[in-house]
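Observations on the model geometry
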Amino acid sequence: MKPSFTNEQLQEVQRLVSRYPQGREKSALIPVLHLAQNTFGGWLSTETMDYVATLLQIKPIEVYEVASFYSMFNLNPVGKHVLEVCQTGPCMLNGSDSIVDYIYERLGIRPGETTPDGQFTLKTVECLGACGYAPMLQLGEHYKEHLTKEKIDALIESCIAKSAALN
Amino acid sequence: MGRKLLLEKAHIENIRSYEVYRKEGGYRSVEKALKTLTPDQVTDEVKKSGLRGRGGAGFPTGMKWSFLTKPEGVPRYLVVNADESEPGTFKDRYLMEFIPHLLIEGMVTSSYALGSNRSYIYIRGEYAWIAHILEQAIEEAHQHGWLGKNILGSGFDCNIYVQRGAGAYICGEETALLESLEGKRGNPRIKPPFPAVKGLWGCPTAVNNVETIAALVPIINEGGEEYAKIGMGKSTGTKLISACGNINKPGVYEIDMTISVEEFIYSDEYCGGIPQGKKLKACIPGGSSVPILPANLLLKTAKGEARMMNYESLADGGFATGSMMGSGGFIVMDDTQCVVKHTYTLARFYRHESCGQCSPCREGTGWMEKILWNLETGKGRSGDIDLLWDIQRKIEGNTICPLGDAAAWPVAAAIRHFRDEFEWHVTHPEEAQKRNYGLAHYADPLSVSVA
């Protein structure tokens, strides 16, 4: 199925484009890619990127080169819940390694892997600006800070419950 | 107890809302500026205040603004840099999250001074919820006439927009930020031309850090001269410090730059000391890019004077025995931490964040990461430390943007001050897997090789 925004989402694209002077519509590319990734399964397929290019009237390559540059854009399918564990210096000092190990113990996935049921993807990321609240991870648009094993257990349970409620 | 100018009211209930913020005296600086000062007079107040850029470079803000060219008929832009990504730094996030109107208020006045009718906040993509908070604050400011057309009858129009990035440390570099705002890859531009001449969409642009722009509020309210009386020497006003690592009370603190590093780490008003009775080993006082200092050089300068929490004192001794204020990201390490491993995580960070334009940075950062990984995992060889030193030296100063320097400095400083710990990893590879080196380097407290 070809990707296609709803009318409401197309209005949102128009609102984003209106924030720049005329002729500078390309500036809306990153905000529109965020919207596209959220809408079309958490990642950007070639079809999705081509669709965004059509919307902004730019060449597909202009979308590909941007999508591939920024770490928040996924160019391959990911699980329903993406756990992004920060591992840079300050988080490392506060035990981020053990968080990654514990997620492996619980879910059997290493960084870059997705559970066979397609529910969870584990990623390690670089500094998210939460150094004083380490160790931490990002889940969707939210930060989960001061992580402990208990908190990770609760987080995994709530993700599973959320998926079950949607089915 | 030092003076607070930015976060004094951050803990008032509902200060995030316009009503409470206004009741607490919010937007007074906009009234004062737009009704009683010309744009140039606002810039003059900033010059008098001695305010220095709070993003990391510490360049005088008033001077930066005076470089902005004003050709007839060409729009000018203010872009606020909220791409806070320097490891150890989380101060702008705190300010925007808890007292967002302070940034909006500072932006209206700054936009007036610079003649920007369309100003942007470029915020790192991961701070998604803060982007929503800012958009809410902007909407409220619009409703109450602080944004939009003919603000306070002054004839000045201004709109503010929030732009989310998508995960790229390099977009904190001002020209990469502008490229990103234009919908491109975050590849830094060659300077000159500087953004003040050719910035966003080729127009004159001022790019300033969140905290810098927020400081406009007290500067205009109290006057530049009054602001300059706070602090010490050329470190005027207050500075937000985000403290993290091995301390009892991590968090964001506003200091007036007259306190000592020792007080900052050990007093209960700030970091509250090191947990579990452990000892201070080292500290990176200004975000991951600035030189790491061992405890002895951190607390006292090479001359034996108490080191203070301000621009001049933190830089005392240059890179040989000093460091930098940087972004205010204060990372503390206790005696159970391994400098080699910590340096490895930073090298990995810079390799991940290098945009890839310049060969010394693109190739050098990955090479340093590999060597540091080998050292950390017991596969180091005797020439590795000299090789690391050589690589970092060949990156520094040889790239378009300062990311190359930022990647080189942490490695250089770690070797400069902790060479014995690196050598121990080479000579004792198996032991290094089982325990950390601890504080052994204090056998010779001032073993500092001056480069």
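Residues numbered from 1 in each chain as written. Chains lettered and ligands numbered in written order. Predicted model: local features only at pLDDT ≥ 70, side-chain atom pairs only at ≥ 80, totals over all residues. Heavy atoms only, no water.

Things to note about the overall build of chain B
Within chain B, the secondary structure is distributed over 20 helices and eleven strands. At 22 Å, chain B has a C-alpha radius of gyration in line with the 22 Å of a compact globule built from 451 residues. Projected onto its principal axes, the C-alpha positions of chain B cover 75 × 45 × 35 Å. Expressed as a percentage of its 451 residues, the buried residues of chain B come to 63%. Contacts in chain B between residues at least 24 apart in sequence constitute 70% of all its contacts with a sequence separation of at least 6. Roughly 16,200 Å² of accessible area belongs to chain B as shown, and the carbon and sulfur atoms make up 52% of that amount. (Helix = DSSP H or I, 4+ residues; strand = E, 2+ residues; numbered from the N terminus. Rg over C-alpha atoms; globule rule 2.2 N^0.38 Å. Buried < 20%, exposed > 50% of the residue type's maximum accessible area, 1.4 Å probe, protein only. Contact = heavy atoms within 4.5 Å. Areas by Shrake-Rupley, 256 points an atom, 1.4 Å probe, with all protein chains shown as cover.)

Focus on the environment of B:Arg76
Residues and elements named next belong to chain B. Relative to the assigned elements, arginine 76 resides in the loop between helix 4 (61-66) and strand 1 (77-82). When the C-alpha positions of arginine 76 and tyrosine 442 are compared, they lie 54 Å apart, and in sequence the two are 366 residues distant. Arginine 76 has contacts with Leu68, Thr69, Lys70, Leu114, Gly115, Ser116, Asn117 and Pro204, leaving out every residue within four places of it along the chain. A polar contact of 2.7 Å, which involves the side chain of arginine 76, links it to the backbone oxygen of leucine 114. (Polar contact = N/O pair within 3.5 Å; in protein donor to acceptor, adjacent residues only side chain to side chain.)

Digging into the pairing of strand 7 (residues 239-245) of chain B
All names here are of chain B. Most of strand 7 sits out of view: seven of its seven residues are buried. Because side chains alternate across strand 7, one face comprises the buried residues Lys239, Ile241, Ala243 and Gly245, and the other comprises Leu240, Ser242 and Cys244, equally buried. Pairing of strand 7 with strand 8 (residues 251-255) involves five bridges; the strand directions are antiparallel. Along strand 8, the bridge assignment pairs lysine 239 with isoleucine 255. The antiparallel hairpin formed by strand 7 and strand 8 contains five residues in its connecting segment. Pairing of strand 7 with strand 11 (residues 329-334), which is carried by four bridges, proceeds in the parallel orientation. Residue cysteine 244 lies in a different strand from strand 11, and its bridge partner there is isoleucine 331. (Pairing = 2+ DSSP bridges.)

Some remarks on the packing of aromatic side chains
Residues and elements named next belong to chain B. Following the criterion strictly, the structure yields 30 aromatic pairs over all chains and no others. Taking 6.0 Å as the distance between ring centres and 65° as the angle between the ring planes, the aromatic pair formed by tyrosine 127 and tryptophan 129 counts as edge-to-face. As far as burial versus exposure is concerned, tyrosine 127 and tryptophan 129 are alike and both buried. Judged by centre distance (5.0 Å) and plane angle (45°), the rings of tyrosine 344 and tryptophan 373 are tilted. Within this pair, whereas tyrosine 344 is found in helix 16 (residues 339-353), its partner tryptophan 373 is found in helix 17 (residues 359-376), the two being separated by 29 residues in sequence. (Phe/Tyr/Trp six-rings, centres within 6.5 Å; stacked < 30°, edge-to-face > 60°.)

What to know about the sheet that holds strand 11 of chain B
Residues and elements named next belong to chain B. Here five strands make up an open sheet; going across it, the order is 8-7-11-9-10 and the pairing mixed. The open sheet has two free edges, formed respectively by strand 8 and strand 10 (293-294), since each of these has just one partner strand. Two elements, strand 9 (residues 280-284) and strand 11, share four bridges in a ladder whose sense is antiparallel. Across the sheet, residue cysteine 283 finds its bridge partner in strand 11, namely valine 332. In the packing of helix 5 (residues 91-98) onto the sheet, the strands contacted are strand 7 and strand 8, and the crossing angle to strand 7 comes to about 115°. (Axes fitted to C-alpha atoms, helices over the stretch in contact; angles between N-to-C directions.)

Focus on the pairing of strand 3 (residues 159-164) of chain B
Within strand 3 of chain B, five of the six residues are buried, leaving the element largely enclosed by the surrounding structure. With helix 7 (residues 128-143) of chain B bridging strand 2 (residues 118-123) of chain B and its parallel neighbour strand 3 of chain B, the resulting β-α-β unit is right-handed. (Right-handed = clockwise from strand over helix to strand, strands pointing away.)

Comments concerning the packing of helix 6 (residues 96-107) of chain A against helix 7 (residues 149-166) of chain A
Residues and elements named next belong to chain A. Interhelical geometry of helix 6 versus helix 7 gives an angle of 45° and a closest axis separation of 11 Å. In terms of orientation, helix 6 and helix 7 fall into the oblique class. Relative to helix 7, the crossing made by helix 6 is right-handed. Judged by residue contacts, Ile99, Tyr102, Ile103, Arg106 and Leu107 of helix 6 engage Lys149, Ile152, Asp153, Ile156 and Glu157 from helix 7. Per-class residue counts for the contact of helix 6 with helix 7 are six nonpolar, no polar and four charged. (Parallel < 35°, antiparallel > 145°, perpendicular 65-115°, else oblique. Left-handed = near helix turned anticlockwise from the far one by under 90°. Nonpolar A, V, L, I, M, F, W, Y, C, P; charged D, E, K, R; others polar.)

Some words on the state of the cysteines
All names here are of chain B. Evaluated as defined, the whole model comprises zero disulfides over all chains. The thiol of cysteine 271 is not disulfide-bonded; the next cysteine sulfur, from cysteine 283, is found 8.3 Å away. With no disulfide partner, cysteine 338 has as its closest neighbouring cysteine sulfur the one in cysteine 283, 17 Å distant. (Disulfide = S-S within 2.5 Å.)

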